[in-house]
Amino acid sequence: MSKVVPKVFRINTGSCNGCDVEFVAAAFVDKFHIATSDVEFVDDVKDANLLVITGPLTARSESFLKNALTKLKKPFTVVGVGTCSVSCGIFRDSYAINGPLDKFVDVDVNVAGCPPRPESIAEGIAKGIKVLEQKLSGEVTPKTIDTIFSDFSAPASFRGRMDLNPDMCTGCRTCETVCPSTAIKIEENEEGFIHNIWHNSCCYCGNCAYFCPTGAIFSTNSFDTVKLQNEKFSDVNVANIPFEECSCCGEKYMPPSRGLLGKSYVHDDVNKLNTNICSKCRKEANFKRMYA
Ligand code: SF4
Ligand code: SF4
Ligand code: SF4
């Protein structure tokens with residue numbers, strides 16, 4: 001494989017600067033490895049073969065980006081940094097946004113996060129270099145690249161990738177409603193609900209966890225968000241929330257969450273509560289018990 005000296009140029013296509021601040025940390029703080037490697041940061045796009053882009057691509061910056069793309073050394077790789085560059089994040093649907101980035105440029109590596117941690121940006125650049133080496137040697141661009149750094153860690157309180165405990169979820173859609181990045185989609189079919197969290201769109205605000213009535217959705221301290229472009233649409237947390245059959249009328253219904261029952265019946269053993277009947281049959285049973 002050809003040895004390549006990566007020459008990095010960064011373009012801000014409408015970022016709030018959060019990603020750019022983290023990029024500076026990734027670039028110049030020794031512990032993130034880039035500063036001590038042979039990566040070169042150039043101030044003229046004509047000298048670059050690795051383009052780092054931050055921001056959701058505003059209408060104003062579109063022509064600027066297109067112009068830069070014509071000047072890069074060939075071959076080159078593109079690393080999109082920040083949820084904005086991947087999916088437009090919280091700016092999605094704004095009149096001022098023409099992105100996401102991959103509408104206009106072949107992105108090679110996506111680094112989600114709002115902003116991503118410097119370690120993730122360093123990882124994204126390292127993966128971008130791998131892709132560049134493959135392009136230079138004429139090999140097929142890889143479908144997967146192993147994680148370059150294995151010493152990623154964050155404090156337990158860090159708001160990282162969201163996760164879901166399906167046993168606690170009732171498909172109430174609160175999380176879907178409060179998510180500012182439309183990262184959560186809940187679909188309903190005959191069998192139940194399908195709960196999707198699209199990690200590349202999440203901005204880690206924690207709204208979903210804060211408002212979830214049952215505690216089903218929660219943030220982890222994982223910030224494994226660096227993906228090749230072909231993984232962009234598959235980095236999704238998919239969970240099935242199945243309906244149950246009412247023991248009384250046989251209709252399918254969504255059972256109450258154990259977590260919610262635990263909050264409502266603090267002095268009872270929720271496992272002993274009769275929960276396997278639908279709300280309609282429960283109302284009738286309660287009515288008969290009280291008035292029959
Ligand atoms: S991803 Fe977040 S931090 Fe980065 S530019 Fe967008 S809003 Fe700012
Ligand atoms: S995760 Fe929580 S807020 Fe979202 S649908 Fe499930 S119960 Fe409702
Ligand atoms: S933390 Fe939750 S509410 Fe916030 S963007 Fe991510 S999925 Fe949406």
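Every value quoted in this text rests on a predicted model; they were computed, and no experiment measured them. For every chain, the first residue of the written sequence is number 1, and numbering continues from 1 onward in sequence order. Chain letters start at A and ligand numbers start at 1, both assigned in the order the entries are written. Local features in this predicted model are restricted to residues whose pLDDT is 70 or higher, and side-chain atom pairs enter the listing and the counts only when it is 80 or higher, whereas totals over whole chains, interfaces and linings include all residues. Where side-chain values are given, they derive from all heavy atoms of the structure, hydrogens and water being excluded.

A. Spatial organisation of the pairing of strand β1 (residues 7–12). Here a strand pair is declared whenever DSSP counts at least two bridges between the two strands. Note on conventions: DSSP H or I runs of at least 4 residues are helices, E runs of at least 2 residues are strands, and numbering of each starts at the N terminus. Two elements, β1 and strand β2 (residues 40–41), share two bridges in a ladder whose sense is parallel. By the bridge assignment, Lys 7 is partnered in β2 with Glu 40. By the bridge criterion, five bridges tie β1 to strand β3 (residues 50–54) in an arrangement that is parallel. Note that in β3 the partner of Val 8 across the bridge is Leu 50.

B. The sheet that holds strand β8 (residues 192–198), seen in detail. If you trace the three strands from one edge of the open sheet to the other, you get β7-β8-β11, paired in antiparallel fashion. Both outer strands of the open sheet, β7 (184–189) and β11 (236–242), are each paired with one neighbouring strand and no more. Across the sheet, the axes of successive neighbouring strands diverge by a mean angle of 15°, strand direction being ignored. Two strands pair when backbone bridges link them, and β8 and β11 are joined in this way by seven bridges, in the antiparallel orientation. Each bridged residue has a counterpart across the sheet, and for Gly 192 the counterpart in β11 is Pro 242. Every angle, taken between N-to-C directions, lies between 0 and 180 degrees, and every axis is a line fitted to C-alpha atoms, over only the stretch in contact when it is a helix.

C. Geometry of the domain arrangement of the chain. A domain assignment, automatic or from a database, supplies the domain bounds used here. Each domain of the chain was delimited in the assignment, giving domain 1 (7–136), domain 2 (162–222 + 232–242) and domain 3 (244–291). Summarising the inter-unit geometry, the C-alpha centres of domain 1 and domain 2 are found 28 Å apart. Only heavy atoms enter the contact rule, under which two residues are in contact if any of them lie within 4.5 Å. At the interface, 12 residues of domain 1 touch 11 residues of domain 2. We define buried area as the total accessible area lost by two parts upon association, computed with a 1.4 Å probe and summed across both. Buried area between domain 1 and domain 2, both sides added, is near 850 Å², and the carbon and sulfur share of it is 49%. For domain 1, the biggest contributors to the area lost against domain 2 are Val 86, Ile 90 and Arg 92; these three give 39% of the whole. Throughout this description, the term salt bridge denotes a Lys or Arg side-chain nitrogen within 4 Å of a carboxyl oxygen of Asp or Glu. The interface formed by domain 1 and domain 2 holds one salt bridge in total. With a closest N to O distance of 2.6 Å, Lys 232 and Asp 102 form a salt bridge. Under the rule applied, a polar contact is a pair of N or O atoms within 3.5 Å (in protein, one hydrogen donor and one hydrogen acceptor; residues adjacent in sequence only if both atoms are side-chain atoms). There are seven residue pairs in polar contact (both at pLDDT 80 or more) connecting domain 1 and domain 2. Examining the composition of the side of domain 1 that touches domain 2, we find that three residues originate from one element, helix α3 (residues 83–87), more than from any other. We call Asp, Glu, Lys and Arg charged. Ala, Val, Leu, Ile, Met, Phe, Trp, Tyr, Cys and Pro are nonpolar, and the rest, Gly among them, are polar. Split by residue class, the side of domain 1 that touches domain 2 holds five nonpolar, five polar and two charged.

D. A look at helix α8 (residues 279–291). Each residue after the first adds 1.5 Å to the expected span of a helix. Compared with an ideal rise of 1.5 Å per residue, which puts 13 residues at 18 Å, α8 spans 18 Å between its outermost C-alpha atoms and is within 8% of the ideal. Counting buried residues along α8, only one of its 13 residues qualify, which leaves the element largely exposed. The classification of residues rests on relative accessible area computed with a 1.4 Å probe and restricted to protein chains. Under 20% of the type maximum is buried, over 50% is exposed, and intermediate values are partly exposed.

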